[in-house]
Amino acid sequence: MIYLKTDEEIELLRENNILVSKTLAEVGRHIKPGVTAKQLDKIADEFIRSHGATPAFLGYQGYPASITVSVNEQVVHGIPSDKVVIKEGDVVSVDIGTFMKGFVGDSAYTFAVGEIADDVRQLLDVTKEALYRGTAQAKAGNRVGDISAAVQDYAESFGYGVVRELEGHGLGRKMHESPGVPNYGLRGRGPVLKEGMVICIEPMITMGSRAIVFERDGWTVRTRDRKPAAHYEFAVAIRKDGPDVLTDFSIIEQSL
Ligand code: MG
Ligand code: MG
């Protein structure tokens, strides 16, 4: 069942995703050599609560923290711990969810710590561009496969891996609604996009093989070959005149 949102509901989803953007910016300001993932989690938790929301990830299917922090070869769902100490040259993917006024926000950003290798910088840039290319297809009358193919084709043209086991999703009163939004697929396939749909598009792209491993903590996903991965996510409403991005990466990028 795909829930179509009213304009008022889309504005509540925007409020949530702007708060997520601001929280990502706040976390990003603190990502420096020596900070621990656990400290970043605390910063985000306090920031979200001080803005009248609750962290949507905490307790979700038993998840034990407020955000996810995935470093280098970790793709997504890294559990913040005080054993994870950020260092120069790392790439740090942060995924954050909020719950406020009955709706959920969900967005992610990969941060570079100081100087990173040129090939890793390219991985980040391509992953973000893949997100934008997918988003350009998010318009009424297109199909989910048009988004998927745009993401996949761009990422694979650089020889990168596209993670298939995890995907984007509808967003609303629940964090994961229909439809699923895979990062690979065929143009013209999948559910038709309709005005009022809100979806999260979230490419998870690997520098080497797309094969992943689930760590024994039950959450952390890493690349099998331990090469780096990147993850960018934002929420998009399908409107009459095209995609309406509810997350604001410029809030994050201005703070860096
Ligand atoms: Mg997310
Ligand atoms: Mg998501």
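Structure's up top.
Calculation criteria
- Residues numbered from 1 in each chain as written.
- Chains lettered and ligands numbered in written order.
- Predicted model: local features only at pLDDT ≥ 70, side-chain atom pairs only at ≥ 80, totals over all residues.
- Heavy atoms only, no water.
- Helix = DSSP H or I, 4+ residues; strand = E, 2+ residues; numbered from the N terminus.
- Contact = heavy atoms within 4.5 Å.
- Areas by Shrake-Rupley, 256 points an atom, 1.4 Å probe, with all protein chains shown as cover.
- Lys, Arg positive; Asp, Glu negative; His and termini not counted.
- Charge placed at Lys NZ, Arg CZ, Asp CG, Glu CD.
- Donors = N, O, S within 2.8 Å, 3.2 Å for Na, K, Ca; no water.
- Phe/Tyr/Trp six-rings, centres within 6.5 Å; stacked < 30°, edge-to-face > 60°.
- Buried < 20%, exposed > 50% of the residue type's maximum accessible area, 1.4 Å probe, protein only.
- Lys NZ or Arg CZ within 6 Å of the ring centre and 35° of its normal.
- Pairing = 2+ DSSP bridges.

Considerations on the overall build of the protein chain
Each helix and strand counted, the protein chain has five helices and 15 strands in total. Overall size of the protein chain, expressed as C-alpha extent along the three principal axes, is 45 × 45 × 35 Å. Counted over contacts in the protein chain with a minimum sequence separation of 6, partners at least 24 positions apart contribute 71%. Roughly 10900 Å² of accessible area belongs to the protein chain as shown, and the carbon and sulfur atoms make up 49% of that amount. Of the side-chain charges in the protein chain, 30 are positive and 36 negative, and the distance between the mean point of each set is 3 Å.

Let's talk about the coordination of the magnesium ion (ligand 1)
The protein atoms that coordinate the magnesium ion (ligand 1) are Asp95 (OD), Asp95 (OD), Asp106 (OD) and Glu233 (OE), at distances of 2.0 to 2.4 Å. If you list the donors of the magnesium ion (ligand 1) from N- to C-terminus, the spacing comes out as D-x10-D-x126-E.

Describing the packing of aromatic side chains
Tallied over the full model, the rule gives nine aromatic pairs. The interplanar angle of 50° and the centroid separation of 5.0 Å between the aromatic rings of Tyr109 and Phe111 together place this pair among those described as tilted. Like Phe111, Tyr109 is buried. Where Tyr154 meets Phe158, the ring centres are 5.1 Å apart and the plane angle is 70°; that geometry is what we call edge-to-face. Of the residues examined, Tyr154 reaches a relative accessible area of 16% and is grouped as buried. Owing to a relative accessible area of 34%, Phe158 belongs among the partly exposed residues under this scheme. A network of ring pairs unites the aromatic residues Tyr109, Phe111, Tyr132, Tyr232, Phe234 and Phe249 as a single cluster. The ring of Tyr184 carries the charged tip of Arg164 above its face, separated from the ring centre by 4.3 Å.

Considering the coordination of the magnesium ion (ligand 2)
Within the first shell, the magnesium ion (ligand 2) binds the protein through Asp106 (OD), His169 (NE2), Glu202 (OE) and Glu233 (OE), at distances of 2.1 to 2.2 Å. Donor residues for the magnesium ion (ligand 2) sit on one chain with the sequence pattern D-x62-H-x32-E-x30-E. Between the magnesium ion (ligand 2) and the magnesium ion (ligand 1) the interatomic distance amounts to 3.1 Å, and Asp106 serves as a bridging ligand to the pair. A residue pair is termed long-range when its members are at least 10 positions apart, and Asp106 in strand S5 (residues 103–112) and Glu233 in the loop between strand S13 (229–231) and strand S14 (234–239) qualify at 127 residues. Each member of the pair Asp106 and Glu233 is classed as buried.

Describing the pairing of S14
In terms of residue burial, S14 counts as a mostly covered element, since six of its six residues are buried. Strand direction decides the pairing type here: strand S9 (residues 198–201) and S14, joined by four bridges, are antiparallel. Bridge pairing in S14 links Cys200 to Ala235. In this structure, S14 lies alongside strand S15 (residues 242–245), joined through four bridges in antiparallel fashion. The partner of Ala237 across the bridge, within S15, is Asp244. In sequence, S14 turns back onto S15 through a hairpin of two residues.

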